[in-house]
Amino acid sequence: MSQLTPLLFASYWCTCGHGGAFRRYGFGAEYDLYAPNYPQDELFLIMGSAFAPQGYAWAFPRGNGRVRLGVGVIHPDNDEDARIYLDRIMRDIPQLAERFKGASPLEYHTGLFPSEGAVPGFSRDGLLLAGDAGGHGSTLVGEGIRFAIYSGQMAGETAAEAIKAGDTSAAYLGRFDQRWRSRFARDMDIAYMINKHIAAYSDAQWDSSLDLLKRLTPAQAAQALRGDFTASLVMGILARNPSLIATGGKRFLDKMLERINKPVAVSAE
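Everything numeric here is computed off the predicted structure, so don't read it as measured data.

K.L.:
Hey, could you run me through the sheet that holds strand β7 (residues 66-75) in this one?
P.N.:
One key point about sheets: their strands pair by backbone hydrogen bonds, in either a parallel or an antiparallel sense. Reading across the sheet, the five strands line up as β5-β6-β7-β4-β8 and stay open at both edges, with antiparallel pairing between neighbours. Single-partner strands in this sheet number two, and they are β5 (44-48) and β8 (104-114). Averaged over neighbouring strand pairs, the angle between their axes works out to 15 degrees when direction is ignored. Pairing analysis gives four bridges linking β5 to strand β6 (residues 52-63), with the strands arranged antiparallel.

Have a look at this one:
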């Protein structure tokens, strides 16, 4: 391009494929609480139709007596209102009722999270999408902030290079797409595959899956939840849960291994 055009970074809710709205999304509601009786070294993940149908709820301590308690559901997989379940979780789960005794809400949050995976392209002439706008969050547990930061850094670096080169064309800015997909595409693809699989779980299936998680080492559980998928992680899950071979769970792990081992298609810069 002979003249520079402004670069726009869309970092929140945007249009899928730069044209149509996201069709599948997480809807969450959350309290940020001062909870003096909540142990700051405990966190809860809560699944099941009574408290988080086709989603999950969480209680995450954040220091100085503060705790975030929330619930998220996926639309249009169901049409439930996450806000209705939020107070029920704090009131009706015995393990939480005691811990939240004397708690008081300081903030109340609601939000949407795209749950379709990354959009086909992140760049146009003079435009880059980063964060939720590009579908850059991990759909496994609806984690967006960490990946929005990573994506924003990559987009900023690419934008700086484009300005320096005097070229903000879609072809030049496509370097961001290449870099992002080289770093994140495989893990995000697997996270979306898992999300679609578990979103339809029955309560009995959740019970079985949580039994599986209990057998993992803390390091394995943390690696899985943060979406860092490797062949060694999959083999470690299988080693600690040999019953998966008989129940058919191994077929799903084989699909994960297939995607882990599949080269990411990234064009050379």
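K.L.:
Could you clarify how one ought to interpret the packing of helix α4 (residues 170-198) against helix α9 (residues 249-261) in this entry?
P.N.:
Each pair of packed helices can be summarised by the angle the axes make with each other and by the distance between the axes. It is the contact of α4 with α9, at a shortest axis distance of 10 Å, that shows an interaxial angle of 160 degrees. Here α4 is positioned roughly antiparallel relative to α9, judged by the angle of their axes. Between α4 and α9 the crossing geometry is right-handed. Contact residues: Arg186, Asp189, Ile190, Met193, Ile194 and His197 in α4; Phe252, Lys255, Met256, Arg259 and Ile260 in α9. In the contact of α4 with α9, the residues fall into six nonpolar, one polar and four charged.

K.L.:
It is not clear to me how the pattern of salt bridges should be interpreted in this structure. Could you clarify?
P.N.:
Where charged atoms of side chains with opposite charge meet at close range, the side chains can pair. Applying the stated rule across the entire model yields 14 salt bridges. A salt bridge links Glu30 to Arg68, with the shortest nitrogen-to-oxygen separation between them at 4.0 Å. You can see Glu30 sitting in strand β4 (residues 25-34) and its partner Arg68 sitting in strand β7, a full 38 residues away along the chain. Taking the relative accessible area as the measure of exposure, Glu30 reaches 13% and is therefore buried. Classification of Arg68 by relative accessible area gives partly exposed; the value is 28%. Here Glu42 makes a salt bridge to Arg99, at a shortest N to O gap of 2.7 Å. Here Arg99 lies in helix α2 (residues 94-99) and Glu42 lies in the loop between β4 and β5, a separation of 57 residues in the sequence. According to the relative accessible area criterion, Glu42 is partly exposed, its value standing at 26%.

K.L.:
I would appreciate a short explanation of the packing of aromatic side chains in the present structure.
P.N.:
What the rule picks out here adds up to eleven aromatic pairs. Ring centres 6.5 Å apart and planes at 70 degrees place the aromatic pair Tyr38 and Phe44 in the edge-to-face group. Both residues of the pair, Tyr38 and Phe44, belong to the buried class. With centroids separated by 5.2 Å and ring planes inclined at 80 degrees, the aromatic side chains of Phe122 and Trp180 adopt a geometry described as edge-to-face. On the criterion of sequence distance, the pair formed by Phe122 in the loop between β8 and β9 (123-124) and Trp180 in helix α4 is long-range, its members being 58 residues apart. By relative accessible area, which is 1% here, Trp180 ends up buried. A connected cluster of aromatic rings, assembled from ring pairs, spans Phe122, Phe147, Tyr150, Phe176, Trp180 and Phe184. Positioned above the aromatic ring of Tyr172 is the side chain of Arg175, whose terminal nitrogen or guanidinium carbon lies 4.1 Å from the ring centre.

What counts as what
- Residues numbered from 1 in each chain as written.
- Predicted model: local features only at pLDDT ≥ 70, side-chain atom pairs only at ≥ 80, totals over all residues.
- Heavy atoms only, no water.
- Pairing = 2+ DSSP bridges.
- Helix = DSSP H or I, 4+ residues; strand = E, 2+ residues; numbered from the N terminus.
- Axes fitted to C-alpha atoms, helices over the stretch in contact; angles between N-to-C directions.
- Parallel < 35°, antiparallel > 145°, perpendicular 65-115°, else oblique.
- Left-handed = near helix turned anticlockwise from the far one by under 90°.
- Contact = heavy atoms within 4.5 Å.
- Nonpolar A, V, L, I, M, F, W, Y, C, P; charged D, E, K, R; others polar.
- Salt bridge = Lys/Arg side-chain N within 4 Å of Asp/Glu carboxyl O.
- Buried < 20%, exposed > 50% of the residue type's maximum accessible area, 1.4 Å probe, protein only.
- Phe/Tyr/Trp six-rings, centres within 6.5 Å; stacked < 30°, edge-to-face > 60°.
- Lys NZ or Arg CZ within 6 Å of the ring centre and 35° of its normal.

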